[in-house]
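Understanding the architecture of this molecule
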Amino acid sequence: MKLDAKIPSGPLAQKWDKHKFELKLINPANKRKFDIIVVGSGLAGASAAATLAELGYSVKCFCFQDSPRRAHSIAAQGGINAAKNYKNDGDSIYRLFYDTIKGGDFRAREANVYRLAQVSVNIIDQCVAQGVPFAREYSGYLDNRSFGGAQVSRTFYARGQTGQQLLLGAYQALCRQIGLGAVKMFPRTEMLDLVVVDGHAKGIVVRDLVRGEIASHACDAVVLATGGYGNVFFLSTNAKGCNVTATWRAYKKGAAFANPCYTQIHPTCIPVSGDYQSKLTLMSESLRNDGRVWVPKRKEDCSKSSSQIPEADRDYFLERKYPSYGNLAPRDIACRAAKEVCDEGRGVGPGGLGVYLDFADAIKRLGEDKIRERYGNLFDMYEKITGEDAYQTPMRIYPAVHYTMGGLWVDYNLMSNVPGLFVLGEANFSDHGANRLGASALMQGLADGYFVLPCTVGNYFASSKQAKPSTGHAEFRKVEAEVHAQTQKLLSIRGKRTVTSLHRDLGRLLWEKCGMARTETSLKEALNRIPMLREEFWKDVNVTGDGRELNQNLEYAGRVADFMEFAELLCLDALHRNESCGGHFREEYQTEDGEAKRDDDHFAYVAAWEYQGPDKPPVLQKEPLVYEEVHMTQRSYK
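What counts, and at which threshold
Residues numbered from 1 in each chain as written. Predicted model: local features only at pLDDT ≥ 70, side-chain atom pairs only at ≥ 80, totals over all residues. Heavy atoms only, no water. Helix = DSSP H or I, 4+ residues; strand = E, 2+ residues; numbered from the N terminus. Buried < 20%, exposed > 50% of the residue type's maximum accessible area, 1.4 Å probe, protein only. Axes fitted to C-alpha atoms, helices over the stretch in contact; angles between N-to-C directions. Parallel < 35°, antiparallel > 145°, perpendicular 65-115°, else oblique. Left-handed = near helix turned anticlockwise from the far one by under 90°. Contact = heavy atoms within 4.5 Å. Nonpolar A, V, L, I, M, F, W, Y, C, P; charged D, E, K, R; others polar. Pairing = 2+ DSSP bridges.

**With respect to unusual backbone geometry**
Backbone geometry at leucine 414 places phi at a positive 70 degrees, although glycine is not the residue there. Summarising the element assignment, leucine 414 is placed in the loop between strand E16 (407–408) and strand E17 (421–423). Look at aspartate 615: it is not a glycine, yet its phi comes out positive at around 65 degrees. Checked against the element boundaries, aspartate 615 lands in the loop between strand E18 (605–610) and strand E19 (619–624). Under the relative-accessibility criterion, aspartate 615 is labelled exposed at 82%.

**Here's the deal with the packing of helix H3 (residues 43–55) against helix H12 (residues 441–464)**
Interhelical geometry of H3 versus H12 gives an angle of 30 degrees and a closest axis separation of 8 Å. Between H3 and H12, the crossing angle belongs to the class labelled roughly parallel. Note on packing geometry: the crossing formed by H3 with H12 is right-handed. Between H3 and H12, the residues in contact are Leu43, Ala44, Ser47, Ala48, Thr51, Leu52 and Leu55 and Leu442, Gly445, Leu446, Gly449, Tyr450, Leu453, Pro454 and Val457, respectively. Looking at the contact of H3 with H12, its residues break down into 11 nonpolar, four polar and no charged.

**Brief notes about the sheet that holds strand E8 (residues 214–218)**
Here we have three strands laid out as an open sheet, ordered E6-E7-E8, and antiparallel in their pairing. Lying at the two open borders of the sheet, with one neighbouring strand each, are strand E6 (189–197) and E8. For this sheet the average axis-to-axis angle between neighbouring strands, irrespective of direction, equals 25 degrees.

In structure tokens:
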């Protein structure tokens, strides 16, 4: 396997414009001859499908939800970054680029990140034109707020439901193309495998989740926009349907999987309350603009109510440790700081796994009406879940799995090492390094879908000259047979354990051994236990029902089966990386004051893993990270 990132030559600020000029083009009249499959209809998938259809391509879009509006992008709350500098506070494309590189602990590809910062300014214009109701100041100008890892206000928002509003904008663009016949939508349909013919991605095999039918679809290029793999931990802020299946099946067909150990823990989640929970709930990072994070200074005060603890006995630990950024320290740093005080026995709430997020000062300064205007729906959601009024008493929060920076390896054109297979948004690895800054997920998804892929996919078509096989091709029939066999195998076991119980065991193991902190010992323990758990799954799982009808237990079992394999790669990647960086914190590698300690001499690369077959260890391929504009330094937010 050869990893060619195809990064353009020339000055960093000119690479993207130069590259767009050098890309080969497809005549508008010829674009209708090319069929493109888009898997996923969240922000990345919907924006890509709509834009490709607008250009003239014939597009099929698949999602396992009943509507694209149900994609997990809808859950993003706080905002979307863009280097508009409307606040005139010193922001610029270069500053957004640098904040993103630094926030990712110097483990992201420089050229991709700069392009993301460039394109960010176009995204806002696009979304405003679509009617996205961004918050505005009294004068009518778009408003901004701050997010972690930045000292400027560059985050555009729509109250606490930015993801929902942006998704509706992309959805209406998609619906227009559906109405015109340029996009054919396949809801309630799950991709179960990738079809590769003569080394090129030429289609997918899917299951109709309502009728149970397994079918093939051929195309000239496949686009995966299927989100991240955070649910491998069982409890996460992701929707329960989020999974690794599409990218994992592509990996087993030859696509390299990059940096799987880079998983993000979010500091602002409602704490775990019991084993009955199937997921966790995120409280937007935007709350840290006005909320102050604290715990009692003394362990003996932890059992008291927050109102009984005077100001002098409170430890505002983020403000104390990181005075320059305070409560808006980056996510990985804020998470470890919260874990540290809880490990000291100063956590609050049941089990001592919580810290306070207090709005009393902001309400006193701005008034309760202003806080309601900014965050009202978030406060309502918190009260519905916990029964507590955050206007009167502080929220309780604790870190939880939220986002995954790892994903399929892609080059500068967003194409994987399998020609014709493009990967967008959270499903690829490209833009965030070892830690994602807040409000950058929406930015990347829309940048990839609206502005990058539509430029680069034509170059593949103009360069490859590949014929499109029919679904009667031998490779399609072979992959269909494999999918049928996997389905029947799951249904035939009829063991005694539920899919949920096995998934919960896997998630607990990963959280304890490869969560906010990892060690060589813990990772080796996980790598020893995962194969045993996987064997137990295939011997004793109980998948009820039939494969020829709606069967959500079967859907779930297939996804957990892939998690059982993927978890091993995640831990293997974490074990090989003998350093700490961003969300990957190896306890053996930390500075004297407990911060992540990188090893740039030995690990300044993208770790891309190549599948070798069942029961064979994957092969590590390395893409060196070369920085032309920035110098790798020890991160400091103090």
